[in-house]
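Observations on the three-dimensional arrangement
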Amino acid sequence: MASNSNASQTFTCALTGLTPLTDAVVTPSGYICSRKLLLTKLSENGGMDPFDTSRTLDESTLVDLTSSNSAVAPPRPPTATSLPSLLTQISTEFDTVLLELYDTRKSLEETRRELSSALYQNDAAVRVVARLVRERDEARGALEEFLAKGGVAPPTASAATDGGEGAKRSEKRAAPVEEDAPPSSKKPRSNNDAAVAEDLSKIPQDTLNTMTSTWEILSKNRRTIAKKSKRSKEQIAEQDKLLAEKLNGEEKKVNLGKSTAKAGVLCVAKISTSCHLNGVGGDEYIVSGGHDKQAIVYNVTSGQIVATLSGAGGDVTAVSGMVVTDKVMLVGTGSSDGLVRLYSVPIASGGDDEVQLLGSEQLGKGEGVVPVSVVVHFSSTAESATVIVGGSDGSVNVFKLSESRFKLITYLKSEDGINFSSGCIHPDGLIYAAGTTTGKLLIYDLKTQAVAGTLEGHDGSPINCISVSENGYHVATSSSGESPIHIWDLRKLKLSATITPPSDVGTVASLAFDPMGLYLAYSGEESTKVCVVKDWDRVVSSLSKTKTGTKGN
């Protein structure tokens, strides 16, 4: 029997993981346990087998694994005041802890299985919702395309008996015109039939195809710029030195026209002919607008004014332009009277052509909607131009010049209560960034005509200026409040860095990246600073404000 006693020492309790000394038993389910611990467990769970909860377990069904001919009888329980009694109490508490540990591990395993199942169900639900949303959008698009082509609902039996009157009513319901839509969204009705209203919620496919083909070319150029912008430490130091020497040289004053009106330039846009799609090389130009209700086209290379664009009914608050041929530049303007104008400006020396107003359109319904940004799209040509305008009512408007007619073709309205304060186009031409009066930056995907992301910052202050780097990675925004300049990463749609302008700058009013995306210039009421991209706090050049006349504001 000694061999049986020694063999019992090799058993391991399934509850505690320890070796039972004298009371090892086997359950009907095949588990070895300490009799004492097992009976304690049965008293806690109502006699259910802890290893198989579908069956009950009785003490009589347990099989004893130790020898019945024990040479030594167990001692009687001592009194509670003795050391053996204390050891017994400690042993009992130890057994209790082991049982709780077993229950905890079992509960943990069950919780893990339940969590895994819940995560799987959640992932499946997300996929189903995404599929339903996609199918809903496709159905809406198909319906809008059907209505845009003049589709009508099939007539009912009652309509047929009314001599066609019911069919006419169905045709009217098939293409409703929203009362809140812009005036240009309603087509004039003919004498015989009601014209189907244009669908202004989408960019027409032919225009979108032209913009997409332009995007393909510009994205290749952007990747080339990104490769060229990689510099060694020696190249960085040399370029920083040259930039500082160039900017700290003798300043050049420019007279952008004289007017009896209140002086002051409100907006400036730079147009470089060497970077455009048509491969036109030549001079560089800037276009400015101000309180004098005029836009001035200035040749930076020759130092001469090329054209003065008049006719605005208010302050010119937004300008843009693009050289489309070696003889013609297209210039778009937006003024405080809510009108968007497109001009054809001759730039060839010695030509007899004059400035032509190609067209003008009113934003909104004349309810005080003001253009906050005007962009002549990169896909524009002399015969067919696309102009993207951000409205103060929170709308993105796309105008088209085609067959000598300038009209609104797309009207994208943001959520109610959102008003725009600034706007900017991505160098690729298919992303439009709009700043709001509440400090949010909305990123529009023009290919899908939807908001791709919303970035929040500037402590709720209006965003007054936006600039996108030429490599397309960074977006810089400033506000009219005291918040710092925000640098956003378009690849991750999150805040990448902030720049706190020095006290000698004042409120930042303009931002601009250099053509290679290596430097960022920000200008305030008192001075202008030029810092290094990705090393934003390192200022390589500073320009202070010079004394000016007292006329105007």
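Residues numbered from 1 in each chain as written. Predicted model: local features only at pLDDT ≥ 70, side-chain atom pairs only at ≥ 80, totals over all residues. Heavy atoms only, no water.

**Let's talk about the overall build of the protein chain**
In terms of regular secondary structure, the protein chain is built from seven helices and 29 strands. Looking at the protein chain residue by residue over its 553 residues, the buried ones come to 39%. Here the contacts in the protein chain between residues at least 6 apart in sequence split such that 43% fall between residues at least 24 apart. For the protein chain, the exposed area adds up to about 31500 Å²; of that, 52% sits on carbon and sulfur atoms. (Helix = DSSP H or I, 4+ residues; strand = E, 2+ residues; numbered from the N terminus. Buried < 20%, exposed > 50% of the residue type's maximum accessible area, 1.4 Å probe, protein only. Contact = heavy atoms within 4.5 Å. Areas by Shrake-Rupley, 256 points an atom, 1.4 Å probe, with all protein chains shown as cover.)

**A look at the pattern of salt bridges**
Enumeration over the complete set of coordinates arrives at eleven salt bridges. Between Asp103 and Lys41 there is a salt bridge, with its nearest N and O atoms 2.5 Å apart. Residue Asp103 is located in helix 3 (residues 83-148), and its partner Lys41 is located in helix 2 (residues 35-44); the two are separated by 62 residues in the primary sequence. In this structure, Asp337 engages Arg341 in a salt bridge whose closest nitrogen and oxygen atoms are separated by 3.6 Å. Assessed through its relative accessible area of 25%, Asp337 is described here as partly exposed. Judged by relative accessible area, which is 7%, Arg341 ranks as buried. (Salt bridge = Lys/Arg side-chain N within 4 Å of Asp/Glu carboxyl O.)

**Concerning the sheet that holds strand 20 (residues 440-445)**
Read from one edge to the other, the open sheet built from four strands follows the order 18-19-20-21, with strand pairing classed as antiparallel. Sheet topology places strand 18 (420-425) and strand 21 (450-456) at the edges, where each strand pairs with a single neighbour. Here the average twist between neighbouring strands, direction ignored, is 20°. Taken together, the five bridges between strand 18 and strand 19 (residues 431-436) define a ladder with antiparallel strand orientation. Each residue of the ladder has a partner; that of Ile425, found in strand 19, is Tyr432. (Pairing = 2+ DSSP bridges. Axes fitted to C-alpha atoms, helices over the stretch in contact; angles between N-to-C directions.)

**Here we look at unusual backbone geometry**
A positive phi angle, close to 55°, is found at Glu403, a residue other than glycine. Tracing the backbone through its elements, the reader meets Glu403 in the loop between strand 16 (395-402) and strand 17 (405-413). Not every positive phi belongs to a glycine, and Leu493 is a case in point at roughly 55°. One can find Leu493 in the loop between strand 24 (485-489) and strand 25 (494-499).

**What to know about the confidence of the model for the protein chain**
Looking at the protein chain as a whole, the pLDDT averages 78, with 75% of positions reaching at least 70. Segment residues 1-9: pLDDT under 50, and ten contacts once partners within four positions in sequence are set aside and those in other chains are kept. For the stretch residues 152-196, pLDDT sits under 50, and the model shows 42 contacts to residues farther than four places along the chain or on other chains. (pLDDT = per-residue confidence, 0-100.)

**Thoughts on the pairing of strand 11 (residues 328-335)**
Of all eight residues in strand 11, eight are buried; the element is thus mostly enclosed. The alternating pattern of strand 11 places Val328, Leu330, Gly332 and Gly334 and Met329, Val331, Thr333 and Ser335 on opposite faces, both of which are buried. As paired strands, strand 10 (residues 316-323) and strand 11 are joined by seven bridges and run antiparallel to one another. Bridge pairing in strand 11 places Ser320 opposite Gly332. By the bridge criterion, seven bridges tie strand 11 to strand 12 (residues 339-346) in an arrangement that is antiparallel.

**Re the sheet that holds strand 16**
Taken in spatial order, the four strands line up as 14-15-16-17 in an open sheet, and their pairing is antiparallel. The sheet is open, and its two borders are formed by strand 14 (371-376) and strand 17, each paired with just one other strand. Across the sheet, the axes of successive neighbouring strands diverge by a mean angle of 20°, strand direction being ignored. Note: strand 16 against strand 17, eight bridges, orientation antiparallel. Across the sheet, residue Ser402 finds its bridge partner in strand 17, namely Arg405.

**Structural notes on the environment of Val370**
Secondary-structure assignment places Val370 in the loop between strand 13 (356-362) and strand 14. According to the relative accessible area criterion, Val370 is partly exposed, its value standing at 23%. Along the sequence, Val370 and Asp337 sit 33 residues apart, while their C-alpha atoms lie 6.8 Å from each other. Non-local contacts of Val370, meaning those with residues more than four positions away in its chain, are made with Thr317, Ser335, Ser336, Leu363, Gly390, Gly391 and Ser392.

**As for helix 2**
Residues of helix 2 that are buried include every one of Leu37, Leu38, Lys41 and Leu42, and no others. What you see down the axis of helix 2 is that its buried residues fit within an arc of 135°, all on one side. Where helix 2 is buried, its residues meet strand 1 (24-26), strand 2 (32-34), strand 3 (48-49) and helix 3. Following helix 2 by one or two positions, Gly46 has its phi on the positive side, about 75°. (Arc of directions from axis to C-beta.)

**Side note on the nonpolar core**
Ranked by internal contacts, the top residues of the largest apolar core, which has 20 residues, are Leu342, Val387, Val389, Phe399 and Phe406. For this core, the elements supplying multiple residues, two or more each, are strand 10, strand 11, strand 12, strand 14, strand 15 (385-391), strand 16 and strand 17. Excluding residues that lie within four positions of it along the chain, Val387 makes contacts with Leu342, Val374, Val375, Asn397, Val398, Phe399 and Phe406. In terms of nonpolar packing, the next biggest core, distinct from the first, is built from 19 residues, Ile203, Leu430, Tyr432 and Tyr444 among them. (Core = buried A, V, L, I, M, F, W, Y, C linked by side-chain atoms within 4.5 Å.)

**Quick word on helix 3**
With 66 residues, helix 3 extends 95 Å between its outermost C-alpha atoms, agreeing within 8% with the 98 Å of an ideal straight helix rising 1.5 Å per residue. All of the buried residues along helix 3 are Ser85, Asp95, Leu98, Leu99 and Tyr102. (Expected span 1.5 Å × (residues − 1).)

**Describing the side chain of Asn299**
Checked against the element boundaries, Asn299 lands in strand 8 (residues 295-299). For Asn299, a relative accessible area of 6% puts it in the buried group. One polar contact links the side chain of Asn299 to the main-chain amide nitrogen of Thr301, over a distance of 2.9 Å. With sequence-adjacent residues up to four places away left out, Asn299 is seen in contact with Asp283, Glu284, Tyr285, Gln304 and Val306. (Polar contact = N/O pair within 3.5 Å; in protein donor to acceptor, adjacent residues only side chain to side chain.)

**A closer look at the packing of aromatic side chains**
One pass over the structure, following the stated rule, counts four aromatic pairs. An angle of 15° between the planes, with centres 4.1 Å apart, marks the rings of Tyr31 and Phe51 as stacked. On the criterion of sequence distance, the pair formed by Tyr31 in the loop between strand 1 and strand 2 and Phe51 in the loop between strand 3 and strand 4 (52-56) is long-range, its members being 20 residues apart. With a relative accessible area of 36%, Tyr31 lands in the partly exposed category. A centroid spacing of 6.3 Å and a plane angle of 70° characterise the contact between Phe51 and Tyr102, whose relative ring orientation is edge-to-face. Highlighted residues: Phe51 in the loop between strand 3 and strand 4 and Tyr102 in helix 3, separated in sequence by 51 residues. Across this residue pair, the class does not change: Phe51 and Tyr102 are buried. Cluster of aromatic residues (ring-pair linked, three or more members): Tyr31, Phe51 and Tyr102. Here Lys447 stacks its cationic end above the ring of Trp215, 5.7 Å away from the centre of that ring. Just above the ring of Tyr473 sits the side chain of Arg491; from NZ or CZ to the centre is 4.3 Å. (Phe/Tyr/Trp six-rings, centres within 6.5 Å; stacked < 30°, edge-to-face > 60°. Lys NZ or Arg CZ within 6 Å of the ring centre and 35° of its normal.)

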